Amino acid sequence: MDNNNRTGFVISREDSERLRIIEKQYIRTIGSVAGACIVIYILLENILTLPIAFFKPLYEIYYGSFKVRFIFNMVMSVVCMLLPFVIAGNILQKKTRIKYLRLNKPKDPLLAVFSVPTGLFICLIANYATGILITVTDKVGYELSSPDISQPETLAEKIIYFVTIAVLPPIVEEIAIRGVVMQPLRKYGDGFAVIASSFVFAVLHGNPVQAPFALAAGIWMGYVVCITGSLLPSMAIHFLNNTYSVAIDLMKNSITNDELFAKYVTVLNIAIITAGLVGAVLFTYKLNYKKLFKPLTFSSPFDKAKAFILNPPMLIAVAILLYITSKYITRN
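Residues numbered from 1 in each chain as written. Predicted model: local features only at pLDDT ≥ 70, side-chain atom pairs only at ≥ 80, totals over all residues. Heavy atoms only, no water.

## Here's the deal with the overall build of the protein chain
- In terms of helices and strands, the protein chain carries eleven helices and four strands.
- For a compact globule of 332 residues, the expected C-alpha radius of gyration is about 20 Å, and the protein chain comes in at 22 Å, within 12% of that figure.
- For the protein chain, the proportion of its 332 residues judged to be buried stands at 44%.
- Sequence separation of 24 or more characterises 79% of the internal contacts of the protein chain that already satisfy a separation of 6 or more.
- When the accessible surface of the protein chain is summed, it comes to about 17700 Å², and 67% of that surface belongs to carbon and sulfur atoms.
- Mean positive and mean negative side-chain charge positions of the protein chain (31 and 20 charges, respectively) differ by 8 Å. (Helix = DSSP H or I, 4+ residues; strand = E, 2+ residues; numbered from the N terminus. Rg over C-alpha atoms; globule rule 2.2 N^0.38 Å. Buried < 20%, exposed > 50% of the residue type's maximum accessible area, 1.4 Å probe, protein only. Contact = heavy atoms within 4.5 Å. Areas by Shrake-Rupley, 256 points an atom, 1.4 Å probe, with all protein chains shown as cover. Lys, Arg positive; Asp, Glu negative; His and termini not counted. Charge placed at Lys NZ, Arg CZ, Asp CG, Glu CD.)

Structural data, given as structure tokens:
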């Protein structure tokens, strides 16, 4: 029996099966590379921190100075995560001829601009949803937590804190996830590429508080990259979301009056919601029927998902990250 594709050409069952196998092999390769990068990231992070754990002078320097600790963490972020993903991205780019580093001007600058406040609004909603999830799990007897982060005191420490939390992650993580992982997957559909890369983005956070949020935010940021053809809007959304978190932390530390703190947060949230709703209306208007790329494929979404996840490097990466995540789930 023959199958007709969208162009009207007739494809035999044998050719269809052969193309399906090629698709799955391609997707499995991307999944394997992504999984390997995550494993390398975890290994490098642990290897480079071993001296701090075993040598008391280094331990005292690291934990005795906020500046040293956060500057070290910035270097670790570049060396452990960005470097492996960039190397992998260059290798994949040569094999697939698909550019991963899309730091070019968006195809529609206004659409990109409107996507940013909309994205920040979505991030805020995702934060509220995460809060509800934490409350629900607490009521059924489980506490969800995330890694404790030291809070800055001096101006210099606040600047370093801001760079570490708000500036560096949007660059590193967007290049790694929406760049290296997502771009080559778009060959077999933008929708699949967005979901698959968002899954990696979620598990990469390694704790039950940030992972659900990262999944929701990642879907929007991936969609925006596909629609605008640039990583810049997703970096901007990521930056503003992390800046929001830094602002909340700094306000919490400097404002001792709980009622006053709540008022400031409320005003900030109202501003984000207002800008987000206006941005969403303008984004929808400017979208002008732009749609995600839907190519002719010979594999079902389920088959593509299996190929992406069910390979040794990705399974090892997910297993390690799920184990790390489980450490932040405790029984009340």
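That was the structure; now back to the text.
## Description of the pattern of salt bridges
- Going through the model one piece at a time under the given rule, you end up with five salt bridges.
- For Arg 178, the salt bridge is made with Glu 174, and the minimal N-O distance between the two is 2.8 Å. Pair noted here: Arg 178 and Glu 174 are both in helix H5 (residues 155-185), with a separation of four residues, about one helical turn.
- The class for Arg 178 is buried, based on a relative accessible area of 0%. (Salt bridge = Lys/Arg side-chain N within 4 Å of Asp/Glu carboxyl O.)

## What to know about the packing of aromatic side chains
- In the structure shown here, the tally under the stated rule is twelve aromatic pairs.
- Considering the side-chain rings of Tyr 26 and Tyr 188, the 5.3 Å spacing of their centres and the 75° angle between planes classify their relative orientation as edge-to-face. With Tyr 26 in helix H1 (residues 13-54) and Tyr 188 in the loop between H5 and helix H6 (190-204), this residue pair connects regions lying 162 residues apart in the sequence. For the pair shown, Tyr 26 and Tyr 188 are each scored as buried.
- On the numbers, 6.4 Å between centres and 85° between planes, the contact of Phe 192 with Phe 308 is edge-to-face. Of this pair, Phe 192 sits in helix H6 while Phe 308 sits in helix H10 (residues 301-309), and the two are 116 residues apart along the sequence. Each member of the pair, Phe 192 as well as Phe 308, is classed as buried.
- Ring pairs connect the aromatic residues Tyr 59, Tyr 62, Tyr 63 and Phe 72, which therefore count as one cluster.
- The side chain of Arg 178 reaches across the aromatic face of Phe 201, ending 4.3 Å from its centre.
- Taking the ring centre of Tyr 26 as reference, the NZ or CZ of Lys 187 above it sits at 4.8 Å. (Phe/Tyr/Trp six-rings, centres within 6.5 Å; stacked < 30°, edge-to-face > 60°. Lys NZ or Arg CZ within 6 Å of the ring centre and 35° of its normal.)

## Let's talk about the side chain of Asp 190
- The topology assignment puts Asp 190 in helix H6.
- Polar side-chain contacts of Asp 190 include one of 2.7 Å to the side chain of Arg 186.
- Apart from the residues within four sequence positions on either side, Asp 190 is in contact with Cys 226, Leu 292 and Phe 293. (Polar contact = N/O pair within 3.5 Å; in protein donor to acceptor, adjacent residues only side chain to side chain.)

## A short note on the environment of Val 116
- As for its position among the elements, Val 116 is in helix H4 (residues 109-139).
- For Val 116, a relative accessible area of 14% gives the class buried.
- Residues Val 116 and Ala 280, 164 residues apart in the sequence, show an inter-C-alpha distance of 9.2 Å.

## Looking at the nonpolar core
- Counting 70 residues, the largest nonpolar core has Ile 27, Ile 38, Phe 85, Leu 185 and Phe 308 as its most contacted members.
- Top contributing element to this core by residue count: H5, with 13 residues.
- The residues contacting Phe 308, other than those within four sequence positions of it, are Ile 27, Ile 30, Gly 31, Val 181, Leu 185, Phe 192, Ala 196, Phe 199, Val 200 and Met 314.
- Counting nine residues, the second largest nonpolar core, distinct from the first, contains Leu 120, Tyr 244, Ile 255 and Ile 272. (Core = buried A, V, L, I, M, F, W, Y, C linked by side-chain atoms within 4.5 Å.)

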